[in-house]
Structures are given as C-alpha cells and as structure tokens.
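So you can see what is in the structure, the chains are spelled out below.
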Amino acid sequence: MNLNKIRLVSGMRPTGKLHLGHYVGVLENWKNLQNSRDSLFFVADWHALSTSYEDKLNLKNLSIDLVRDWISSGIEPEKANLFIQSSIKEHSELYLILNMITPLGWLERNPTYKDQLQQLSSKDINSAGFLTYPVLQSADILLYDAQEVPIGEDQRPHLEISREIARRFNFLYGSNILTEPKEILSETPKLSGLDGRKMSKSYGNSIYLSDSRDEVINKLKTGKTDPNRIKKTDLGNPDICIIFSYHQEFSHSDEVAEISENCKTAKIGCVECKKRCSISINNLLEPMREIRTNLTDNYILDVLETGGSKAREIAKKKMQQVNKLVFEG
Ligand code: TRP
Ligand code: SF4
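These lines cover the structure that appears in this document, whether it is placed above or below. Because the structure is predicted, anything quoted here is derived from the model rather than measured.

### Here's the deal with the packing of aromatic side chains
- Following the criterion strictly, the structure yields seven aromatic pairs and no others.
- When the ring of F42 is compared with that of F83, the centres are 5.6 Å apart and the planes differ by 20 degrees; the resulting orientation is stacked. Here F42 is found in strand β2 (residues 38-43), whereas its partner F83 is found in strand β3 (residues 81-84), with 41 residues between them in sequence. The two residues F42 and F83 agree in class, both being buried.
- Between the aromatic rings of Y113 and F130, the centroid separation amounts to 5.7 Å while the plane-to-plane angle is 35 degrees, which identifies the pairing as tilted. Placement of Y113 in helix α6 (residues 111-119) and of F130 in helix α7 (residues 128-131) is noted, with a sequence separation of 17 residues between them. In terms of burial, Y113 and F130 fall into one category: buried.

Okay, here's the thing in structure tokens:
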C-alpha cells in the first residue's frame, strides 16, 4: 500500500462473461487508474446474491472467471489489489452497523432502486437485501477510506448514498473516521451490440472478451449495417452503421477515415468492411487470449488470496476504529 497515492475502490458483480462493452466502459478505465492509484478491485459476490439468490449460481466459479477476464484484459495483480468481497467478513460487519443508522427513506427514494424493481420484475427482489444494496456498497467503499470510486452513470445515486451515510455516521459519533468518496464517471458512451441495442448478455448481441477468432469473425457477419445499403453499389452512411461504430472504437484512425470515405462512395462493400473490423477486434483480443492460457484456477485463487490478505489488513483496522466509537462511546 502506498500512502501517497489516492486510494481507489471499485467492484463488479460476477454475473457472467465480460464483453467489449465492459472493456470499453470499465476495464480500460481501471487499467489506466491502476498505474497511478492505490487500487482495490473486488468481485461483489454478495451484491450478486441480492438479485440472484434463487438462481443457484456457482458464484465461486463465476468469480474466478470474472477475475480471469480482468487479468487477461490487462488488470495486473502486481499493481492492483484483487479480491472477493465475501472473503473479507468486515464488509458484512460494517454493512450491519451502517444499516442501523441509514434512514429507510434514503433507500426507498433511490432512483436506481426503483428502476431495477421495475426492470427485474420477473425476479422477486422485494427483499431487505436488495433494498439495502447501497448500504453494502457504502460499506465496500468506506471500509477502505476510498477517495475515488470509478462507476457508471447508473451507480451515481448509490455513491451519493455512500457520502450521506459517511456524513451521518461521522455526525452521530462525533468523528471523521469515514471518508466521503468521489465518483469517477467513465466517459465512454455505451458500446452498441451487434443488433444496435445496448450490448448485453440478455440480448444475445455481445462480443465477449473470451470469444475465439472465428467467433468474432462470424458474429461480425451478423452485425447491423446501414439498412439503406442493399447492393454494393448503393452509397452508404457509416454514421448509422454498427460495424462502423466498432471501427471507430477499435481500428486505427487512418483506417476509420478511409472506410468512412469508401463507404460513402460505395468503394468498399460491407463484407470486406466487416472482415477488416474483425481483424481490428481480434488484434485487441489476441493478446488477451495469450494471457488467458496461463490463468489456471489455482493461479487466480492465489492472486485473490494475496489481494484478500492485504485488503483484510486495512479493513480490520477500520473496523477497530468503528467498533471503538460505536461500542465504547
Ligand atoms: N453496484 C456496482 C455495480 O453493479 C458494483 C459494486 C459493488 C461497486 N460494490 C461497489 C462499485 C463499490 C463500486 C464500489 O456495478
Ligand atoms: Fe457499414 Fe462498412 Fe457497410 Fe459502410 S461498408 S455500411 S461502414 S459495414
């Protein structure tokens, strides 16, 4: 732990393989931040349980697979501290105490909570655990005195609640031992899926970081192009083409400019354009595939254990301070 560096904490729920949208939206950000921050990245397996307690998922395997995706895409265990939330019991201890001081109204008014209740209407998430999801998230953050938390837009209300809880705790106990965290919002807009909707596992429109070369090639063949371009001689409009949006993200800027020009003037056909797009995406994924071959379950479990011990040390100290205030007045 480097005391001069800004402490940063972020978590991800283990809900399945990561896709290019995760890479562009989250992992690229983490990769940059791990160089300059004292970073703790953890698998939020308790959070996953709040929405999938009925699904009998193997959260242990899902957690290992998630960390395999992280490391293969360039998160380095030598730089960032990687661990599993449920391996640090202090998260649950702080969560319990914070639950005591959190007004129900803050949780019931949380817009992300209301949204999710509607969106996940097929699941029974009318539970105490789901309502208090942001309290657990606050514990994740406050336990480590995180100054910065990289998150997506939908997580903003949760971070606001973390700050409010920190403030309330400090006020109630006349202390300043909990640090109010700042969010770092990822700038990149969401990557579209092959069908033009948001890239998401549930739509079956994703390109996964763990896809093979041929899977990428075949998936791109199904990608949505300019719908008005039926014959190769039709002039195209790259601005409404999903394949082009991938070129913009993953191809060299010279190639992007060339393709844009050639599409508008019908000098390139969609078949060739898609082939070139799959080359760019495979160029990104190939090094990940190479790293992945060395990432056995045992290696990953080792990494998580080392990361976990370091995190536990910090968490233990914080809980000592918190418990002293709460129980010894
Ligand atoms: N709720 C976050 C999400 O779904 C995951 C998460 C759990 C998290 N605890 C966190 C993110 C703490 C940042 C900090 O994306
Ligand atoms: Fe899209 Fe490329 Fe076809 Fe133009 S040539 S419509 S950019 S796939």
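Still to come is the rest of the account.
### Regarding empty space enclosed by the protein
- For the structure on display, the rule yields one cavity of 30 Å³ or more.
- In this structure, the largest cavity encloses a volume near 100 Å³.
- Taken together, 14 residues form the lining of the largest cavity, with R229, C241, C263, C270 and C273 sitting closest to its centre.
- Mapped onto the lining of the largest cavity, the elements with two or more residues apiece are α11 (242-250), α12 (253-264) and α13 (270-293).
- Per element, the largest residue contribution to the lining of the largest cavity is three residues, and it comes from α13.

Quick notes on the rules
- Per chain, residues are indexed from 1 in the order of the written sequence.
- To read the labels, note that chains go from A and ligands from 1, taken in the order they are written.
- Local features are withheld for residues below a pLDDT of 70 in this predicted model, meaning they are given only at 70 or higher, and side-chain atom pairs are given and counted only at 80 or more; totals for whole chains, interfaces and linings count all residues.
- Water and hydrogen atoms were dropped before computing side-chain values, which therefore reflect all heavy atoms in the structure.
- A pair of Phe, Tyr and Trp rings is counted when the ring centres sit within 6.5 Å of each other, with Trp represented by its six-membered ring. The angle between the planes then sorts it: under 30 degrees is stacked, over 60 is edge-to-face, the rest tilted.
- Runs of H or I in DSSP of at least four residues are treated as helices and runs of E of at least two as strands, each being numbered from the N terminus.
- To sort residues, take the accessible area from a 1.4 Å probe on protein chains only and compare it with the maximum for the residue type: under 20% means buried, over 50% means exposed, and anything in between is partly exposed.
- Computed over the protein atoms alone on a 1 Å grid, cavities are sets of points where a 1.4 Å probe fits but cannot get out and pockets are open sets with protein on both sides within 12 Å along at least five of seven lines; a residue lines them when it has an atom within 4 Å of a point.
- Grid points are joined across faces, edges and corners, and a volume is the space filled by probe spheres set on the points.

The values reported here are purely geometric and, on their own, carry no functional implication.
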